Amino acid sequence: MNTYIYRIFLAALLLSFGITANAGGHRQAAAKQPEIKRTLIRNVRVWEGNGNKLTAPRNVLIENNLIKTLNAADSIAGADVIDGGGRIMIPGIIEAHGHLALSAPPAELGDTDLGYMGAVSVKAAEIYLMRGWTTVRDIGGPSQGLAKAIDEGIVPGPRIYPSAMIISQTSGHGDLRRLNDPHPNMGGGATLMDRFKLLADGPAEVRRAVRESLRLGAVQIKVMAGGGISSEYDPIDTVQYSVEEMRAAVEAAADWQTYVAVHAYTDEAVNRALDAGVKVIEHGHLLSPKTLKRIQKEGAYLSSQSFGFIRQFIQPGQTGGQGGKAAEVMTGVDTLMETARDIGLPVAFGTDTFGTLRAYRIGQTEFGFRKRWFDSAEILTQATRHNAELLKLTGPRNPYQDGPLGVIAEGAYADLLLVDGNPLEDVALLEDYENNIRLIMKDGTVYKNTL
Ligand SMILES: [Zn+2]
């Protein structure tokens, strides 16, 4: 546009605003300072994410959606006041591995209805929030629309870091076709399933799939790098994607200053992913100590789960099918968690729940399961401060940049819980969230208060 035309365009634009204001009959005076909403939470002991330590009783002031100070006076003019009664304040829980859009079992995804699934996802998001989970790193499936609706205040739910489309090779863990379904890129055409995953083979297709996912709103990229439980035609030991294909994904994500997380259980799959520059390993249940040390040495991250949710599918002695695959993966969970603990490799706190509303509720059992390997303060750190480190890997794609998440600190987002009892002594008390979590605040808004 040349400058002259641009000026006319601008003048017309300004004029149109003026006309609109006049037509409304009440022209705005000079913009008023927006009113600050203040909430004072009195008499709480704060866990700042530091070992077993709690602060002495204090008052926490929240201004709009951020924590203003942990040392507020006893009364603040105009503030809503909540009396904490000496209870413990912790940051809102962060899910490192969720799937809010996978609101039907994978085998049924293709036969369901998008509107119905959307409704189930909305309910799942509400369940997460009301369990005290204020952020979900959504690691596959189109949750970006739900994220937008939550951010706009249309429905209640956690903050969501969407991955949009799951990217899988043909016959990979994301290839959820029935056996005789035609291939979408080989004359099959698109089906409802193509809202959830992209089948991509060869570096060029993988690049395109990553770009498509980013375009749809992914803030990190999810790639299937090895066999999985919920897919029928890829044994757990299969290695998926070549180094070249995965490197294409890593480069395409890096062009958007974000990263690739891979689904993988085995040494072969994880070593190949690390060779390609992958930053985050999801699951890893069958990894040897050697590969875990490599993850640590290269500054990559391990995002694993105790799989309380998957344990229910395992029948004793079962070998084939999804139950057999689940059993195979579960053989490694103790070694994985114990080795990670012993070498000091942090394990992100996630559940991998999907498929039914019951599953989303079962996610709360992750706290108790982890007590087999970690103490309560460690588990709480994984679920808050450490998980927040993973979220930061999204760089400029991070949708929430006004302050840190996963901590109670000056300037942090006001995502916090008030708890009956001491979760640093027994984190499993959070499993009875209905009784023991008395206050849930996300983004400065109170969603539950039974004080
Ligand atoms: Zn998963």
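Treat the numbers as computed from the prediction; the structure is a model and nothing was measured. (Residues numbered from 1 in each chain as written. Predicted model: local features only at pLDDT ≥ 70, side-chain atom pairs only at ≥ 80, totals over all residues. Heavy atoms only, no water.)

**Comments concerning empty space enclosed by the protein**
- Within the structure shown, the criterion is met by two cavities of 30 Å³ or more.
- The computed volume of the largest cavity comes to approximately 60 Å³.
- Tallied by class, the residues present in the lining of the largest cavity amount to four nonpolar, three polar and four charged.
- Put simply, the second largest cavity is a space of about 40 Å³.
- F307, G308, F309, T351, T353, I362, G363, T365 and E366 together form the lining of the second largest cavity.
- Looking at the lining of the second largest cavity residue by residue, the class counts come to three nonpolar, five polar and one charged. (1 Å grid on protein atoms, 1.4 Å probe; cavity = no way out; pocket = protein on both sides within 12 Å on 5 of 7 lines; lining within 4 Å. Points joined across faces, edges and corners; volume = space filled by probe spheres on them. Nonpolar A, V, L, I, M, F, W, Y, C, P; charged D, E, K, R; others polar.)

**Some remarks on the domain arrangement of the protein chain**
- Under the domain assignment used here, the protein chain contains domain 1 (38-92 + 407-449) and domain 2 (94-374).
- The straight-line distance from the C-alpha centre of domain 1 to that of domain 2 is 31 Å.
- Counting from both sides, the interface comprises 17 residues of domain 1 and, opposite them, 19 residues of domain 2.
- For the domain 1 and domain 2 pair, buried surface summed over both sides reaches about 1500 Å², with 61% attributable to carbon and sulfur atoms.
- Taken as a group, E431, Y433 and K442 account for 38% of the area that domain 1 buries against domain 2, more than any other trio of residues on that side.
- Where domain 1 packs against domain 2, one counts three salt bridges.
- Two residues, R159 and D443, come together in a salt bridge whose shortest N-O distance is 2.9 Å.
- Where domain 1 meets domain 2, there are six residue pairs in polar contact (both at pLDDT 80 or more).
- Among the secondary structure elements, those contributing two or more residues to the side of domain 1 that touches domain 2 are β17 (437-442) and β18 (445-449).
- Element by element, the count of residues in the side of domain 1 that touches domain 2 is highest for β17, at four residues. (Domains from an automatic or database assignment. Contact = heavy atoms within 4.5 Å. Buried area = accessible area lost by both parts, 1.4 Å probe. Salt bridge = Lys/Arg side-chain N within 4 Å of Asp/Glu carboxyl O. Polar contact = N/O pair within 3.5 Å; in protein donor to acceptor, adjacent residues only side chain to side chain. Helix = DSSP H or I, 4+ residues; strand = E, 2+ residues; numbered from the N terminus.)

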